[in-house]
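Reading the structure
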Amino acid sequence: MLISVLSWLIGGLFVAAAAVVLSFVLATWWIAAKAERLVPACGKFVEIDGNRIHYVEEGEGRPIVFLHGLGAQLHHFRHTLFGRFGAGYRLVALDRPGSGYSVRAGGASGRLPEQAEVVRRFIEELGLERPLVVGHSLGGAIALALAIEHPKAISGIALLAPLTHLEARVRQKFDLLYVPSRLWRRVLAHTVAIPLSLKYAEPTMKFIFAPQAVPEDYMIAGGGWLGLRPAHFHATSTDFVAVEEDLGRLERRYGEIAMPAGILFGAQDRVIGIAAHGDPMPGKIEELDFERVEGLGHMPQFVEPERVVAFIQRIAACAFAGVT
């Protein structure tokens, strides 16, 4: 009798657990479908070594390639900066592998040199002649890797609030993304990660944009909804885990960078602190153009786009002066 009762109890617990998991799976599917309906793919696709890269471009002239940060996508530049440059530039923004509508190659690690190589191949595939590369946040670390390991592919780098040094505090701020197990990362992506991300989207966005306010149109025009999809969460967690593999080694090679380079950093950035990631850089890259902006947070392209465009154009003038 006791065994029978225990069997029923255990069976009931399994059914209840399965129902909870199913509810999370269905909620994830519904949220992801809504995200893709609200922010559909808007560009072209190109195959790069097993990666299907989604990108947009605008204008003609000297090429500038834009690399977004962790958990972001190409709308961080398309919406904020495109249309402000004027004539004479070919602006190209891509969804990094796994982010937005780009698909990461099977077995890819997300490590910085790997992503830099994808960008190099992307530049080659589109026939871009030594572009200036603009990198925001984690995109800045990838731009630095590109400048170190593939200097002949680009003419210069313009970095916005870049991740430049290994720092334990950065992991602590995003500890929910630190999922070393590939299997567990995939399970979370298709169950609890997306519903929880939606629940905490408002405080997360306030933290990322602080001390500035979150733009009212961020979720659609800024592409924010695209982060609420399983593949995007999986790629973001993969990128976050992979950073530690190479950033420390790359730090020691910044002195090798011998091309026009600039950094624009908000002094009140709460995501990536200027003291650890900005202030040490002028002594590591020769003739670095370093612009410190008081009162500015982590998202300068959204809150001060004109300043950002002027900064990029300043670095571009130096970079393209050496391109024949």
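What this report covers is the structure whose coordinates are included nearby. Just so it is clear, the structure is predicted and the values come from calculations on it, not from any experiment.

Residues that lie three or four places apart on an α-helix share one face, since the helix turns once every 3.6 residues. For helix H4 (residues 138-149), built from twelve residues, the straight-helix expectation of 16 Å at 1.5 Å per residue is met to within 8% by its first-to-last C-alpha distance of 17 Å. In terms of burial, H4 is largely enclosed, as eleven of its twelve residues are buried. For H4, the complete set of buried residues consists of Leu 138, Gly 139, Gly 140, Ala 141, Ile 142, Ala 143, Leu 144, Ala 145, Leu 146, Ala 147 and Ile 148.

Looking now at the side chain of Gln 115. Along the polypeptide, Gln 115 turns up in helix H3 (residues 112-125). On the basis of relative accessible area, Gln 115 is assigned to the buried category, the value being 2%. Residues in contact with Gln 115, not counting those within four places in the same chain, are Arg 96, Pro 97, Arg 104, Gly 110, Ile 142 and Asp 239.

Counting 69 residues, the largest nonpolar core has Ile 154, Ile 157 and Ile 257 as its most contacted members. Looking at this core element by element, the count peaks at nine residues for H4. Residue contacts for Ile 154: discarding those within four places in its chain leaves Ile 123, Arg 130, Pro 131, Val 133, Leu 146, Ala 147 and Met 259. With 26 residues, the next largest nonpolar core counts Leu 74, Tyr 89, Leu 296 and Phe 320 among its residues.

The rules behind these values
- Residues numbered from 1 in each chain as written.
- Predicted model: local features only at pLDDT ≥ 70, side-chain atom pairs only at ≥ 80, totals over all residues.
- Heavy atoms only, no water.
- Helix = DSSP H or I, 4+ residues; strand = E, 2+ residues; numbered from the N terminus.
- Expected span 1.5 Å × (residues − 1).
- Buried < 20%, exposed > 50% of the residue type's maximum accessible area, 1.4 Å probe, protein only.
- Contact = heavy atoms within 4.5 Å.
- Core = buried A, V, L, I, M, F, W, Y, C linked by side-chain atoms within 4.5 Å.

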